[in-house]
Amino acid sequence: MERPPLWLMRQAGRYLPGYQNIRAKHSFWELCHSPALCTQAAMEPMERFALDAAIVFSDILVIPQALGMQVSFEGHQGPKMTKPLKEVAQLHAWNVPKLLEALSFVPEAVRHLRGVLGEEYGLLGFAGAPWTLLAYMFEGHADKNFAVARAMLHTQPEFAHKAMDILADILIGYLEAQCEAGADAVQLFDSWGGLLNAEDYARFALPPIQKVAKALTGKNRRLLLFVRDGQHLLPLLAQCGCQGISLDWRIPFQQAAAQLPNHCLQGNLDPALLLASPEVVREETRKLLAAMRARNHYSHCIFNLGHGIFPQTNPECVSALCEEVALAA
């Protein structure tokens, strides 16, 4: 393999002027619910940088929104939700049979993007993993600790299991719809998985992921899993059932390769490096490429970041990263 394929988490977003122009005219949810605007946002980085795949523009919280929770973004404080989950009775109000219809704008965005992108490039869809979605729904807002959500795993374990099992069923249909619409692969984002210790992750978070993975891989779909701050969970992630593991920037690539020899590994340049100079980005990109090359010359490797691009990122640094990957051999 000459070089690893390349896409970047949040490659379409606030650091790009085209996205800022869209947001000057439309709210975030107006953007997410418009396939044409989603494609416009997703294509900007494809036209600017030497990337191999586009990712549909969406948000992991479209699922709670479709389940009846009002989701708002206030300043830089992260999302807030109405009516946090407190009791099992709330699950009965979820209109699960009609949920895929309520979420149809996302596969429509995938289909629209595929039509503009053509077949030359890859296309990725995504969703939030069950635990991460439930953490937001339990807590009601973004939080660096999600202490309420973590406590509820133990004070109401049956409730947590039931909710995540329902979410797993929702994700199976939702991700399959994205694949049918033209996505070559889909990624689950367990953004708050690293907050759980290994025992709790194995008990609560892993089984619904395995359920999703079994259903999708049974249909020959490609599924990646990203667990932020999940270095202590690598032995468990080997059992997740997904073909690929997207690595957090804190995990040394070679360490992960040793522990996950049978998985495609994606990652994992620190996105903070894109706030440095293009020269620093080039140097650090070459280091990561060398670690990937040692894995049977880039076999089962995808070059990406260890988390999403920061809004204040200089696009020239993204260009430098892409240029270095293109030169790899």
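Structure: see above.
The rules behind each value
- Residues numbered from 1 in each chain as written.
- Predicted model: local features only at pLDDT ≥ 70, side-chain atom pairs only at ≥ 80, totals over all residues.
- Heavy atoms only, no water.
- Buried < 20%, exposed > 50% of the residue type's maximum accessible area, 1.4 Å probe, protein only.
- Helix = DSSP H or I, 4+ residues; strand = E, 2+ residues; numbered from the N terminus.
- Pairing = 2+ DSSP bridges.
- Right-handed = clockwise from strand over helix to strand, strands pointing away.
- Salt bridge = Lys/Arg side-chain N within 4 Å of Asp/Glu carboxyl O.

> If you had to explain the pairing of strand β8 (residues 264-269) to someone new, which residues and values would you point to?
Side chains on a regular strand alternate between the two faces of the sheet. β8 sits mainly inside the fold: six of its six residues count as buried. Inspection of the sheet shows strand β7 (residues 244-246) paired to β8 by three bridges, in the parallel sense. Each bridged residue has a counterpart across the sheet, and for S246 the counterpart in β8 is Q266. Where the polypeptide runs from β7 across helix α12 (residues 253-259) and back to β8, its parallel neighbour, the crossover connection is right-handed. In the sheet, β8 pairs with strand β9 (residues 301-305) via five bridges, with the strands oriented parallel. Residue pairing for β9: Q266 is matched across the bridge by I302.

> An account of the pattern of salt bridges is needed here, citing residue identities and associated values.
In total, this model carries 13 salt bridges according to the counting rule given. The salt bridge involving E44 is made with R48; its shortest N-O contact spans 3.5 Å. With E44 and R48 both in helix α3 (residues 35-48) and four residues apart, this pair spans about one turn of that helix. Its relative accessible area of 42% is what places R48 among the partly exposed residues. One salt bridge in this structure joins E324 and R282, with 3.0 Å as the shortest N-O distance. Linking E324 in helix α14 (residues 315-327) with R282 in helix α13 (residues 278-293), this pair joins segments that are 42 residues apart in sequence. Note on E324: relative accessible area 9%, which makes it buried. For R282, a relative accessible area of 24% puts it in the partly exposed group. Overlapping salt bridges, with partners in common, bring together R282, R286, E323 and E324 in one network.

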